[in-house]
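Coordinates in review
Here is how the chains run, residue by residue.
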Amino acid sequence: MKKLLKTGLPITPQVGASGMWSTPTDLAKLSIEIQNALRNKNNKVISHSVAKKVTEVTALKNAVGGWSYGWQKSFGYNNYDWFSCNGSNTGVGGNILATMTDGNGLVYLANGEKPNRFPVMNYTRNKILAVMNWNKTSNDDIQEIPLSLKEKLIGTYDDFLYGQKMETKIVEKNNRLYVESPILEHFKGKNDNELVYLKNGSFKIIDYPNLLKFDFSAGKPNSVILTRDNLNTKIQLIDKVK
């Protein structure tokens, strides 16, 4: 059903952020230019050093999984490191997602208010990711999780991935551990992201970009350290079952 905005096009004081209109094609061209600059080949406007600077992770603490200078860095779809940006004004919104390597990406815009726009955008993103099946070979040195460690981790906690106060569960399925998170489900369309154990003692969640290292007290995990590049932040684990 079409519905006209009675207020017309929004007028805001933020001219740079809200007063400039674009198209998916132009946003895709910007993403490609940054990707070319990151590999320092065929870039015409953005230099290699600028591209690296504006896409490197600069904040983890209270930063919803990771941010650079303006780009959100909190996604790890298909083992890739992504830079992304989303935004909206009254009646319109969209998203950019692009990989740091290999030149994969998607840009989509949609109209309508958030309750109508978000389901369409989520479906579009998840469908494209599924159809394109971009997969980066992982070089992670994975080992089997000891049974004693596995039993300690299983539980229901406050969200320790994005700090959004939602229930996040570590569950066992077919002798493997998985993380169930409403946010991961929202962004990828599934809720079965495997938690794998690396030989350096850290953990990795499939489709999540930060490494995790758990601290224990009295046989229970009491905190987790999220690590990304040279940054880390410590998150207290709150057991929701207590």
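Here the focus is the packing of aromatic side chains. This structure, assessed with the given rule, holds 11 aromatic pairs. On the numbers, 6.4 Å between centres and 75° between planes, the contact of Tyr80 with Trp82 is edge-to-face. In terms of burial, Tyr80 and Trp82 fall into one category: buried. Aromatic side chains Tyr162 and Tyr208 sit 5.5 Å apart centroid to centroid with 85° between the ring planes, which places their arrangement in the edge-to-face category. With Tyr162 in the loop between strand E5 (155-158) and strand E6 (167-173) and Tyr208 in the loop between strand E9 (203-205) and strand E10 (211-217), this residue pair connects regions lying 46 residues apart in the sequence. Classification of Tyr162 as buried rests on a relative accessible area of 5%. The ring of Phe216 carries the charged tip of Lys152 above its face, separated from the ring centre by 5.6 Å. Over the aromatic face of Tyr178 sits the side chain of Lys173, whose NZ or CZ is 5.7 Å from the ring centroid.

This next bit is on the environment of Ile34. Within the secondary structure, Ile34 sits in helix H2 (residues 24-38). Counting along the chain gives 69 residues from Ile34 to Gly103, while the straight-line C-alpha distance between them is 9.7 Å. Among all residues touching Ile34, those that are not within four sequence positions of it are Ile46, Ala51, Thr55, Trp71 and Phe83.

We now examine the pairing of E10. Direction of pairing for E9 relative to E10: antiparallel, over a ladder of two bridges. Paired with Phe203 across the two strands is Leu212, which belongs to E10. Of the pairings in the sheet, the one linking E10 to strand E11 (residues 220-228) comprises seven bridges and is antiparallel in character. Of the residues in E11, the one forming a bridge with Ser217 is Lys220.

Our focus in this paragraph is the sheet that holds strand E1 (residues 82-89). Across the sheet, which stays open at both edges, the three strands sit in the order E1-E2-E3 with antiparallel pairing between neighbours. Edge positions in the sheet fall to E1 and strand E3 (105-111), since each has one partner strand and no second. The average undirected angle you get between the axes of adjacent strands in this sheet is 5°. Note: E1 against strand E2 (residues 92-99), eight bridges, orientation antiparallel. By the bridge assignment for E2, Trp82 is matched with Thr99. Sitting on the sheet, H2 is in contact with E1, E2 and E3, with an inclination near 155° to E3.

By the secondary structure assignment, Met132 is in helix H4 (residues 114-132). Here Met132 falls in the partly exposed class, since its relative accessible area comes to 44%. In this structure, the C-alpha to C-alpha distance between Met132 and Trp67, residues 65 residues apart in sequence, is 26 Å.

Here is what the cut-offs are and how they apply
- Residues numbered from 1 in each chain as written.
- Predicted model: local features only at pLDDT ≥ 70, side-chain atom pairs only at ≥ 80, totals over all residues.
- Heavy atoms only, no water.
- Phe/Tyr/Trp six-rings, centres within 6.5 Å; stacked < 30°, edge-to-face > 60°.
- Buried < 20%, exposed > 50% of the residue type's maximum accessible area, 1.4 Å probe, protein only.
- Helix = DSSP H or I, 4+ residues; strand = E, 2+ residues; numbered from the N terminus.
- Lys NZ or Arg CZ within 6 Å of the ring centre and 35° of its normal.
- Contact = heavy atoms within 4.5 Å.
- Pairing = 2+ DSSP bridges.
- Axes fitted to C-alpha atoms, helices over the stretch in contact; angles between N-to-C directions.

Geometric descriptors of this kind do not, in isolation, establish any biological role.
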